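Listed below are the residues making up each chain.
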Amino acid sequence: MGSDAILVSRNFFICRVEEIPSSRGCHIIREDLDKKKHVELKMDQALLLIHNELPETNLTVYWNFDRCYHCLLQVLATVPQSRKAGRPGVAAVAVGTQHGSILQLNDTAEDKEVCRLEYKFGEFGNYSFLVKHVRDGVSEIACDLVVNKEPVDSNLPVCIAFLVGVALVIVVSFLRFLLSLEDFQNWISKAINSRETDRLINSELGSPSRASDPQPEAWRRSAAPLRLRCVDTFRGMALILMVFVNYGGGKYWYFKHSSWNGLTVADLVFPWFVFIMGASIFLSMASILQRGCSKLRLLGKIVWRSFLLICIGIFVVNPNYCLGPLSWEKARIPGVLQRLGATYFVVAVLELLFAKPVPETCASERSCFSLLDITASWPQWLFVLILEGVWLALTFFLPVPGCPTGYLGPGGIGDGGRYRNCTGGAAGYVDRLLLGDQHLYQHPSSAVLYHTEVAYDPEGILGTINSIVMAFLGVQAGKILLYYKDQTRGILIRFAAWGCLLGLVSVALTKASENEGFIPVNKNLWSVSYVTTLSSLAFLILLALYPVVDVKGLWTGAPFFYPGMNSILVYVGHEVFASYFPFQWKLGDQQSHKEHLVQNTVATALWVLIAYVLYKKKVFWKI
C-alpha cells in the first residue's frame, strides 16, 4: 500500500485531497465540494460529503457519537443513487466533533449494512465519504474517507490560556517570595529612599523590615482559633471552577457536565464544594462550642442558615427565570443551593447532637495509628451508613412502572431505546412522583447524547442522600485536621489513607470502567461510586494543600483563598449578574471557542478580583 493512503479498516481508506492522484479509490469530483455552502457549520461540527457511486442503490446514513453507550443510531441523511458513471449522488451533512463518531451506511431498500466507520472528525474540517464498487463487475463495495480540508485545533486556546495562567502563577509566587525576604525588603527600601530619609524612618518610626511581626496580617495568630487556609483555598478552587463552567467554559464539551456516566471537569466542582462544606461544619462548630455557645442557640443558627440557602436557591437563582416571570406552577424546586441547604441541615444537626469539643491537650498525645477521630463519631457513622442503605434499597429495589427494577441508565435512545422514559430509574421516578415534572430541571445533560424527553433533576431527592454522605466525609477531614492539629505526619497519613481507601472502593464499584461496573460514576444520579471517587480526590487534594499552605507557608492560597472566604456572595452574584456587562458581551463570532473562552475567563477573573477587594475591605456575606 502506498504512503499516500492510510488503511482504516477492511475496505476503508483515508486520504487527503492533495494526495488524490496516487491514492487508490480516492478520487473526488471537485465541483461537489461547492455543496458545502448549503451547510452552515456551527461550533464543534465538521462538513461531511457522502458520495454514492453505487448504481440503483439509495443509501441511508446512520450516525451517533461513540460515547453514547448502547445507543440507537440516528438517521443522518439519505443519499440518492448514482445516475450515471462519474456523477455520484451526493449528500452534505454536518457531523459532531466533540467525540468519536460511528457512521453506518445501509442499503435503503433492503435495510442492509453496506459499510461502517468509526472516526473522530475535527472541528470545521471538510471530509468526503466515498462509496463505490471496488471495480467494475465486482460486487464488493469499498468505502473511503477523504480529508478535503484540515480541521482547526479547537483546543489550542485552552492550552494557551493554561500556559498563561501557569506563567502568571509562577511570576506572582516568585515576587511574593522575594518580598517575604528581609534582605530584599531592605534593598527595596534603600533603593527607594535616600539615606537620610531612611535614617529618619529607622530612628523615629522603626524600620519596616524590623517590625515585631514580619508576617502578613492574614497570618497573625490571635486569641481566636487559627483558620485553616487550605480549607478556604480548596473551597475557592472549587467555587472558581464552578463559576467558569457555569459561564460556559469556552463551550468546550469537557467543561460541561457528562451526559450520563463518566466524569468531566464540570462534574468535579459541586461535590468538592459539598465536601469542604462538611469540613467547615465541624471546624466552625467545634470552635463555637469551645467558646461556650449553647447547643440550642447553635441549632437555631443552623435552621436559619439552611432556610436561607433553600429560599435563595428557589427564589433568587432559579433557572426557570429564563422562561419568563417565575410562577409556582413551573418553579424548579431542587437546585444547587437547595441541596446545599438540605445537606448542611442534616450534617450540622447530626454533628450538633453527638459532637463533643476536642480537648486542646489531647491532640499531641495521639499516635499516628489512633482511630479516635472515627470511633468517637460512631453514632454519626451509624446514621450515615443507614442513610446509604436507604439509597441502595430505593435505587435497586423500588419498583418503577414501565422500567426494570434497579435501572441506572439514561433512558432515551440508550440501551437500544427500550426504556425511553426511564431516565434515572428510581431517582427520576421519586422526583416525578413527589415533586411533579414541572418542578424539575427541564434540560438535563442526558438530553445531549441520549435524546431523553422526560424531565430529570440532577439535584433530586435520592441524590441528596449521597450528598449528605459526601459532606460527612468532609466532616471526617475536618476532624482529622482538628484532632491531630499538632501532628502534621498523622494528618497526612490519614488523608492519604482515606484517599486510597475510597479510591479502591470506587475501583471495586465501577470495575475501573465507565459503563460496565456495578455502580458507574454518575453525577446525575450522585451514585455512591461518584461520591467515593470525588471524596478520594478531595482527600488527596487536601494532602497536597495542607503542608504547602498551612504547614510550610509556601503558598498563601491566592487567588483562590479570597473567593473561598466569600463563597455565598460569589456564587449568588455570578448567577444573578451572569448576563450583565462586563461578565457578558456580544461576541464577534458566536461559533468561536476562543471568543467564548476569553469572555468566560474574564468574567471568572472579575469575580476573583471582586472577592479580593471585599477581602481587603473585610466585607464578608455570611448567612
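Residue positions are given per chain, counting from 1 as you read along its sequence in written order. Thresholds applied to this predicted model are a pLDDT of at least 70 for local features of residues and 80 or more for the giving and counting of side-chain atom pairs; totals over whole chains, interfaces and linings are not thresholded and use all residues. Derived side-chain values reflect all non-hydrogen atoms in the structure, with water molecules and hydrogen atoms excluded from consideration.

1. Let's talk about the overall build of the protein
Think of it this way: any DSSP run of H or I at least four residues long counts as a helix, any run of E at least two long counts as a strand, and we number them from the N terminus. Counting secondary structure elements, the protein contains 17 helices and 10 strands. Type-normalised accessible area, obtained with a 1.4 Å probe on protein chains alone, sets the label of each residue: buried when under 20%, exposed when over 50%, and partly exposed for intermediate values. Taken over 623 residues, the protein has a buried fraction of 50%. Long-range contacts, defined here as pairs at least 24 residues apart, represent 72% of the contacts in the protein between residues at least 6 apart. Total accessible area computed for the protein in this model is approximately 30700 Å², and 62% of it derives from carbon and sulfur atoms. Two residues qualify as a contact provided that any one of their heavy atoms is within 4.5 Å of a heavy atom in the partner residue. Computed with the Shrake-Rupley method and a 1.4 Å probe, the accessible areas treat only the protein chains shown as cover for residues.

2. What to know about empty space enclosed by the protein
A cavity here means a set of 1 Å grid points, computed over protein atoms only, where a 1.4 Å probe fits but cannot escape. A pocket is an open set with protein on both sides within 12 Å along at least 5 of 7 lines, and lining residues have an atom within 4 Å of a point. Grid points are joined across faces, edges and corners, and a volume is the space filled by probe spheres set on the points. Throughout the structure, instances matching the rule amount to three cavities of 30 Å³ or more. Looking at the largest cavity, its volume works out to about 50 Å³. If you go around the largest cavity, the residues you meet are W391, T395, Y407, L408, G424, A426, A427, L462 and L525. Mapped onto the lining of the largest cavity, the elements with two or more residues apiece are α9 (378-397) and α10 (426-434). Three classes are used, and their members are as follows: Ala, Val, Leu, Ile, Met, Phe, Trp, Tyr, Cys and Pro are nonpolar, Asp, Glu, Lys and Arg are charged, and the others, Gly among them, are polar. In terms of residue class, the lining of the largest cavity is built from seven nonpolar, two polar and no charged.

3. A word on the packing of helix α5 (residues 266-290) against helix α12 (residues 461-483)
Interaxial angles span 0 to 180 degrees and are taken between N-to-C directions of axes, which are lines fitted to C-alpha atoms, for helices over the stretch in contact. Direction vectors running N to C along α5 and α12 enclose 45°, while the axes themselves pass 7 Å from each other. The angle between the axes of α5 and α12 places the two elements in the oblique class. Of the two elements, α5 crosses α12, and the hand of that crossing is right-handed. Of the residues in α12, those in contact with P271, W272, V274, F275, G278, A279, F282, L283 and A286 of α5 are S467, M470, A471, L473, G474, V475, A477, G478, K479, L482 and Y483. Looking at the contact of α5 with α12, its residues break down into 15 nonpolar, four polar and one charged. These descriptions rest on fixed angle ranges, namely under 35 degrees for roughly parallel, over 145 for roughly antiparallel, 65 to 115 for roughly perpendicular, and the rest for oblique. In this scheme the handedness of a crossing depends on how the near helix is turned from the far one: anticlockwise by less than a right angle means left-handed, clockwise means right-handed.

4. With respect to the packing of helix α16 (residues 567-576) against helix α17 (residues 593-616)
Relative orientation of the contacting elements α16 and α17 amounts to 140°, with a least axis distance of 11 Å. Classified by the angle their axes make, α16 and α17 are oblique. As α16 runs across α17, the sense of the crossing is right-handed. Between α16 and α17, the residues in contact are L569, V570, G573 and H574 and W607, A611 and L614, respectively.

5. Structural notes on the sheet that holds strand β8 (residues 112-119)
Two strands form a pair only when DSSP identifies at least two bridges running between them. Read from one edge of the open sheet, four strands run β5-β4-β7-β8, paired in antiparallel fashion. Strands at the two margins of the open sheet, each flanked by one partner only, are β5 (74-79) and β8. Between one strand and the next, the sheet's axes are offset by a mean angle of 20°, whatever the strand orientation. Across five bridges, strand β4 (residues 59-65) lies against β5 in antiparallel orientation. The residue bridging L59 from the neighbouring strand is V79, located in β5.

6. Side note on the packing of aromatic side chains
Geometry of aromatic contacts follows a simple scheme: Phe, Tyr and Trp rings, the Trp one being its six-membered ring, pair when their centres are within 6.5 Å, and the pair is stacked under 30 degrees between planes, edge-to-face over 60, tilted otherwise. Taken as a whole and assessed by the stated rule, the structure comprises 31 aromatic pairs. Between F121 and Y127 the ring centres are 4.9 Å apart and the planes differ by 75°, which places this aromatic pair in the edge-to-face class. By relative accessible area, Y127 is classed as buried at 2%. Taken together, the ring pairs connect F275, W381, F472, F495, W498 and F539 into an aromatic cluster. Counted as over-ring charges are cases with an Arg CZ or a Lys NZ within 6 Å of the ring centre that also lie within 35 degrees of the ring normal. Above the face of the Y344 ring, R305 is positioned so that its terminal group lies 5.0 Å from the ring centre. The cationic tip of R339 hangs over the ring face of W526; the distance from NZ or CZ to the ring centre is 5.0 Å.

7. Looking at the pattern of salt bridges
Every case where a carboxyl oxygen of Asp or Glu lies within 4 Å of a side-chain nitrogen of Lys or Arg is listed as a salt bridge. For the structure shown, the criterion picks out eight salt bridges. Of the charged contacts, one joins D232 and R235 as a salt bridge, the two residues approaching to 2.5 Å between their closest N and O atoms. Taken together, the positions of D232 and R235, both in helix α4 (residues 229-246) and three residues apart, correspond to about one turn of that helix. The two residues D232 and R235 agree in class, both being buried.

8. Here we look at a nonpolar patch on the surface
Here the term patch refers to residues with relative accessible area over 30% and no salt bridge, with like charges joined within 9 Å and nonpolar side chains (Val, Leu, Ile, Met, Phe, Trp, Tyr) within 5 Å. Residues V171, F174, L175, F177 and L181 make up a contiguous nonpolar surface patch of roughly 470 Å² in combined accessible area. Here F174 is to be found in helix α1 (residues 156-180).

9. Observations concerning α17
Over its 24 residues, α17 runs 35 Å from end to end, which matches the ideal 34 Å to within 8%, given 1.5 Å per residue. Turning to α17, its buried residues are H593, H596, L597, Q599, N600, A603, T604, W607, V608, A611, L614 and Y615. In this structure, the buried residues of α17 make contact with α1, α4, α15 (561-565) and α16. In the analysis that follows, any N or O atom pair within 3.5 Å is treated as a polar contact, provided that within protein one partner can donate a hydrogen and the other can accept it, and provided that, for residues neighboring in sequence, both atoms belong to side chains. The N-cap residue of α17 is S592: its side-chain oxygen and the backbone nitrogen of K594 are 3.3 Å apart. Looking one or two residues beyond α17, the residue adopting positive phi is K618, at roughly 60°. For a helix, the expected span equals 1.5 Å multiplied by the number of residues minus one.

10. Examining the environment of H574
Among the structural elements, H574 can be located in helix α16. Measuring from C-alpha to C-alpha, the distance between H574 and V243 comes to 6.8 Å, with 331 residues separating the pair along the chain. If we ignore the near neighbours within four places in the chain, the residues touching H574 are V243, N246, Y247 and W607.

11. A look at the confidence of the model for the protein
Caution is warranted with low-pLDDT regions, since their predicted coordinates should not be read in detail. Known as pLDDT, the predictor's confidence for each residue is given on a scale from 0 to 100. Across the protein, the average pLDDT comes to 84, with 84% of residues at or above 70. In the predicted structure, residues 194-225 sits below a pLDDT of 50 and forms 23 contacts with residues beyond four places in sequence or in another chain.

12. Topic: helix α13 (residues 488-510)
Between its terminal C-alpha atoms α13 stretches 33 Å, which fits the 33 Å expected from 23 residues at 1.5 Å a residue. Residues G490, I491, R494, F495, W498, G499, L502, S506, L509 and T510 constitute the buried set of α13. Those residues of α13 hidden inside the fold are in contact with α8 (372-375), α9, α12 and α14 (528-551). Once α13 ends, the next one or two residues include K511, with phi positive near 55°.

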